[in-house]
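# Descriptive analysis of the structure
These are the residues of each chain, in order.
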Amino acid sequence: MNWLREVARRLRMLMHRRQFDADLEEEMQLHLELRQQEHLESGMTADSARAAARRRFGNVTALRETSHMAWGWEWFEHLALDIRHGLRMLRKSPGFTLVAVLTLALGIGANTAIFSVVNGILLRPLPYHAPNRLTVVWEKNSDGTRDNVGYATYLDWKAQNHSFEQLALYASWQPVLQVGEPEQLNGLRVTSNYFRTLGIHPELGHDFLPEEDNPASLRVVILSHSLWGRKFNSDPNIVGKSIAMNATSYIVAGVLSASYESLMNQDPRGGSVEIWRVLGYDVSQPWACRTCHHLVAIGRVRDGVDFAQAKAEMDNISAALMRAYPKEYSAAGVILTPLGEQLLGQASTTLYILLGAVSFVLLVACANLANLLLARSTNREREVAVRSVLGAGRGRIARQLLAENCVLALLGAAVGLIPAYWTPRVLATLGTGDLPRLDAVRLDWRVLVFTASAALLTGIATGLAPVLRLSKIDFQESLKEGSRGSAGGAGRRLRGLLVVSEVALSLTLLVGAGLLLRSLSRLLTVSPGFDASHVLTMRTSVLGQRYSDNTILRQFFADAVERLRTLPGVESAAAASQIPLGGNIDQYGFHAEGKINANPELDESAERYCITPGFLTTLRIPLLRGRDIVLSDTADAPGVILINETTARRIWPGEDPLGKRVKLGGLDHPWLTVIGLVGDIHHVGLDAAPDMQVYIPHAQWPFPDSDMTFVLRTLGPPTAHASAARRTIHSLDATQLFSRVMPLDAYVVLSVQGRRFALVLIGAFATIALLLSVVGVYGVTAYGVAQRTREIGIRRALGAQPSAVLGLLLRQGLLLILAGTVLGVAASVALTRFLASMLFEVTPTDPMTFALVVALLSGAAILACWIPARRAMRVDPMVALRYE
Amino acid sequence: MSRRGDDLQRDEIPPGTLYLLILRTLARSGEMHGYEIANSIQRISDHVLQVEEGSLYPALQRMLIKGWVTAKWGTTTGNRRARYYQLTTAGRKQLAVEMSQFERVIGAITRVIEAV
């Protein structure tokens, strides 16, 4: 504790150091005066008394300094002095300061912005207790891909394993909350131990109880903090109250704390999860079967058990289940995905690529600034020489120059923070695709520490060049009147090196941006298999007890479609259980007659579209053979199905699929006859090859979907018809609620948004880098030309051809550009493979992209050389000769 | 540092003993200001020990940092403002440490000198 008190005393001195110095001065003065008095009394003259007192006292100035320095703050005072001096120097050359600060603000600001995103999304720990022990547990398909788990399987896993402290389930759930204005919420149905698995406790009320998790018990829900505030006015007595949802009532069990953010979200476009209810399954229910893969299992491994051990045990359990139920599983084994990887894995690739790219921008900015500083240091040689001759050590001068640069870099960082502050808003406008946790992107202390360190490193890095140069200068030489810079050769080499690296770095960024641009343009030329223009989509889910009758449910959608179809300006209309590029995955086993595996789980599966007549027409999906689904395909008529080309090719190669029979989603279902063959559509994304797809009539399917999306082909802009469509459906049922009322082409745009996001950012970085390096090349050439003005004059006067002189001036710049280009191409070849996962039908070393980028960059750079050279040529030789 | 021998023969104080002298002086007389400390050391040593008077002050600052002494402003008999130094508990402990160290060294030196 003693050292602590000592630090406190030292700090007190720092705060009041003027007072300390004054006190010291006063007591020393008193001492001298008392001694002088004593001497006077012993009979000395006033002068000799004073001299004697001083002699006995010693060197007052030195002693004062020693006393002052005893407190150990001189480094701080020097720093303060250096900073003040630095600020004064910057104020004296506002033009330079402005250019330097803006360059740095670009570099540091862009880095801060990207780092704040990386920090918010990847670096912040997951909001769960000990998140590195949480893992998602998947069933394994025969092809090694992962699959959701069925409830019966989960119960066996849970009973038999010893590796997991907790094993829970969740599934997505979209209830309609009927409080105030009805609203469709994004929710989850979870097993009662879900929050205990995550290590989360409700802030208000209680967690789900095991006895609440069965089909017979009360319907209990837990609310997110935001929903509690938004819809229930943060009612402190909410626990135990009943709320209306989906035309029934639920009891609120608890409210989570504000710090909880739900990341378990199967639908990235659905917003964050705001409500949870118990799963309430029972193994006797048909949807609790082993092949009902629609639940996600999440487990917390016990202390002292690692993921490999847990996986080994689960593999054994799974193998035993496969032996016991050979027809219910397609493969033995499980797949574990650590939760962090599951939630953030995809985002991390993109973000780290962006972070790498943006660091290149900072490097280019550094090189540019270093160049600027080098040019300036030539003008400051004399100042440094004077200080040196006056007794400043080289170390002291170097420190002062570095401090000046750090001041500059910090100023740049401060300016750069302004745009970085708006990052979240810019990202929201830009659209980021599926990046999670974006709401947590902000400037927190970690970002500020990053920015400050980046600024200081930049300050030191850019300052080193001029410091090194100045330390080699012969000051005697510099002080002579009219002498030119003495370290010219070394300075020129250094500047050349900086320009070469700038060009190389910019080229690498441009190649990256070019590859992404070509990928996106290729992707946008991919035909989705349907016509997305002029189609309005609106999703709805019917509510209430009366719709539990299939006939009423089917009739509602049939009537709604019929009314929508006859609206003015509407060409055709239909409803479907899902729409392409909508982010849904709804796959059913495809059991073709005569081709069913001994284990039907091994049969192929297909995307299921449950549609009303008119869907193909509305989306303009081509009917290649056979007939479309029509109104007469009712529940009483024979079962029919449409298949796409991929299905026909895969299941009946070389055969005519029309008239073949198939069961969908299990052998206990009725036979359906293939009546038509339609074109493939891109369901998952434009970059994914179309899979097997089937279409079945909503009027026929034994479990008609209640969550449907209406599609309307319109004559004018689709959104113009939204309110008329709403009114039409409300005339049938005024309680209907719509979500995602948007044009179909917006889904196409959304599906490429992630790519566009990366492209826009890397493109912006590449543009900044290009501009900076062009400025750099221009600067070096202009400087070189200015230094050689007299030489140019002599050459011209002696009769040299202007073209020959121009060539001479351009040569240096061209060499630098050439070297930078070669280096940049090499670096790009080495680096672009990291982009491979983001490319589409373009190889990372696409020659076309490389050629175009090299042409663009070298063209711009050559122009930057040519302008100052050309200007020098226009100067009258006589003027040039007198120049100095 | 050369100085004219204006009166008596004076010896520089051995290095490292300045703290000991100040501590001991303050321990004997309670509160003192710098001038009094310097005078006291010279008087008691019969003007043999020569302190470069100014060097008292850096030493006092270091002792303030260490917490061996505290300082407060008061008035002299001549009605002048002066900073008075006083020993702290830590200072008393330090005095004991310095004393035993000094005695050990002096004892050792004496033994070396007197060894036959």
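Computed from a predicted structure; not experimentally measured. (Residues numbered from 1 in each chain as written. Chains lettered and ligands numbered in written order. Predicted model: local features only at pLDDT ≥ 70, side-chain atom pairs only at ≥ 80, totals over all residues. Heavy atoms only, no water.)

This next bit is on the overall build of chain B. Looking only at helices and strands, one finds 4 helices and 5 strands in chain B. Within chain B, the proportion of its 116 residues that are buried is 41%. Restricting to contacts in chain B with at least 6 residues of sequence separation, those with at least 24 account for 52%. Of the accessible surface of chain B, which amounts to about 6,800 Å², a share of 56% is contributed by carbon and sulfur atoms. (Helix = DSSP H or I, 4+ residues; strand = E, 2+ residues; numbered from the N terminus. Buried < 20%, exposed > 50% of the residue type's maximum accessible area, 1.4 Å probe, protein only. Contact = heavy atoms within 4.5 Å. Areas by Shrake-Rupley, 256 points an atom, 1.4 Å probe, with all protein chains shown as cover.)

A word on the pairing of strand 3 (residues 164-173) of chain A. All names here are of chain A. With 7 of 10 residues buried, strand 3 is to be regarded as a mostly interior element. Note: strand 3 against strand 12 (residues 296-301), 6 bridges, orientation antiparallel. When the sheet's bridge partners are listed, L169 is paired in strand 12 with A297. As paired strands, strand 3 and strand 6 (residues 187-190) are joined by 4 bridges and run antiparallel to one another. The residue of strand 6 that forms the bridge with Y170 is V190. (Pairing = 2+ DSSP bridges.)

Contacts between chain A and chain B engage 23 residues on the former and 29 residues on the latter. Taken together, chain A and chain B are joined by 6 salt bridges. A salt bridge links B:R83 to A:E27, with the nearest nitrogen and oxygen atoms 2.9 Å apart. Across the chain A-chain B interface, the total number found is 19 residue pairs in polar contact (both at pLDDT 80 or more). Within the residue set of the side of chain A that touches chain B, elements represented by two or more residues are helix 1 (2-15), helix 2 (17-41), helix 3 (46-57) and helix 4 (60-69) of chain A. With 11 residues, the top contributor of residues to the side of chain A that touches chain B is helix 2 of chain A. The residue makeup of the side of chain A that touches chain B, split by class, is 8 nonpolar, 4 polar and 11 charged. (Salt bridge = Lys/Arg side-chain N within 4 Å of Asp/Glu carboxyl O. Polar contact = N/O pair within 3.5 Å; in protein donor to acceptor, adjacent residues only side chain to side chain. Nonpolar A, V, L, I, M, F, W, Y, C, P; charged D, E, K, R; others polar.)

For the structure on display, the rule yields 39 salt bridges over all chains. Across the pair A:K231 and A:E183 runs a salt bridge, and its minimum N-O distance is 3.4 Å. In this pair, A:K231 is assigned in helix 9 (residues 225-232) and A:E183 in strand 5 (residues 183-184), connecting sequence segments 48 residues apart. Relative accessible area serves as the criterion here: at 22%, A:E183 is assigned to the partly exposed category. Close ionic contact of A:R625 with A:D656 constitutes a salt bridge, the shortest N to O distance being 3.1 Å. Pair noted here: A:R625 is in strand 18 (residues 623-626) and A:D656 is in the loop between helix 19 (645-651) and strand 20 (661-664), with a separation of 31 residues, a long-range link. By relative accessible area, A:D656 is classed as partly exposed at 36%. Sharing partners across several salt bridges, the network here consists of A:R35, A:E38, A:R56 and B:E53.

Let's shift gears to the environment of A:L810. All names here are of chain A. Note that L810 resides in helix 24 (residues 802-831). The exposure class assigned to L810 is buried, which follows from its relative accessible area of 13%. In this structure, the C-alpha to C-alpha distance between L810 and A869, residues 59 residues apart in sequence, is 6.7 Å. Here L810 is in contact with C865, W866 and A869, once residues within four sequence places are set aside.

Let's shift gears to the state of the cysteines. The term disulfide refers to a covalent linkage connecting the sulfur atoms of a pair of cysteines. All names here are of chain A. For the coordinates displayed, the defined rule picks out 1 disulfide over all chains. Here C289 pairs with C292 through a disulfide, and the sulfurs are 2.0 Å apart. Every disulfide takes its handedness from the sign of the S-S torsion; for C289 and C292 that torsion is 105 degrees, giving right-handed. The exposure class of C289 is partly exposed, given its relative accessible area of 24%. Its relative accessible area of 17% is what places C292 among the buried residues. C406 takes part in no disulfide bond, and the closest cysteine sulfur to it belongs to C366, at a distance of 11 Å. (Disulfide = S-S within 2.5 Å.)

Right, let's get into the confidence of the model for chain B. All names here are of chain B. Per-residue confidence for chain B gives a mean pLDDT of 83, with 85% of residues at or over 70. Within the model, pLDDT remains below 50 along residues 1-8, and this stretch shows 8 contacts once partners closer than five positions in the same chain are excluded. Taken over the whole predicted complex, pTM reads 0.78, whereas the ipTM for its chain interfaces reads 0.84. (pLDDT = per-residue confidence, 0-100.)

A separate point is the sheet that holds strand 4 (residues 69-75) of chain B. An order of 2-5-4 (chain B) is seen for the 3 strands of this open sheet, with the pairing classed as antiparallel. For this open sheet the edge positions go to strand 2 (32-33) and strand 4 of chain B, each flanked by a neighbour on one side alone.

Right, let's talk about helix 3 (residues 56-66) of chain B for a bit. Residues and elements named next belong to chain B. Within helix 3, 9 of the 11 residues are buried, which leaves it mostly tucked inside the rest of the structure. Listing the buried residues of helix 3 in full gives L56, Y57, P58, A59, L60, Q61, M63, L64 and I65. The first or second residue beyond helix 3 is G67, which carries a positive phi of 85 degrees.

Below, the discussion takes up the packing of aromatic side chains. The tally for this structure, following the rule as stated, stands at 27 aromatic pairs over all chains. The interplanar angle of 45 degrees and the centroid separation of 6.1 Å between the aromatic rings of A:W73 and A:W75 together place this pair among those described as tilted. Note on A:W75 and A:F76: the rings are 5.7 Å apart at their centroids and 90 degrees apart in plane angle, and the pair reads as edge-to-face. Owing to a relative accessible area of 29%, A:F76 belongs among the partly exposed residues under this scheme. Lying across the ring of A:F834, A:R833 places its NZ or CZ 5.2 Å from the centre. The ring centre of B:W73 lies 4.1 Å from the NZ or CZ of B:R81, which sits over that ring. (Phe/Tyr/Trp six-rings, centres within 6.5 Å; stacked < 30°, edge-to-face > 60°. Lys NZ or Arg CZ within 6 Å of the ring centre and 35° of its normal.)

All names here are of chain A. Where helix 6 (residues 94-123) meets helix 22 (residues 753-787), the closest approach of the two axes is 11 Å, and the angle between their N-to-C directions is 160 degrees. The angle between helix 6 and helix 22 places the two elements in the roughly antiparallel class. Once helix 6 is placed against helix 22, the crossing between them reads as left-handed. The residues of helix 22 that touch helix 6, namely those facing T103, L106, A110 and I114, are L761, F765, I768 and L772. Tallied by class, the residues present in the contact of helix 6 with helix 22 amount to 7 nonpolar, 1 polar and no charged. (Axes fitted to C-alpha atoms, helices over the stretch in contact; angles between N-to-C directions. Parallel < 35°, antiparallel > 145°, perpendicular 65-115°, else oblique. Left-handed = near helix turned anticlockwise from the far one by under 90°.)

In this section: unusual backbone geometry. Residue and element names in this part refer to chain A. The phi angle at A130 is positive, at roughly 40 degrees, despite the residue not being glycine. Looking at the element boundaries, A130 is found in the loop between helix 6 and strand 1 (134-140). The class for A130 is partly exposed, based on a relative accessible area of 22%. The phi dihedral of R620 is positive, around 55 degrees, even though this residue is not glycine. Tracing the backbone through its elements, the reader meets R620 in the loop between helix 18 (615-619) and strand 18.

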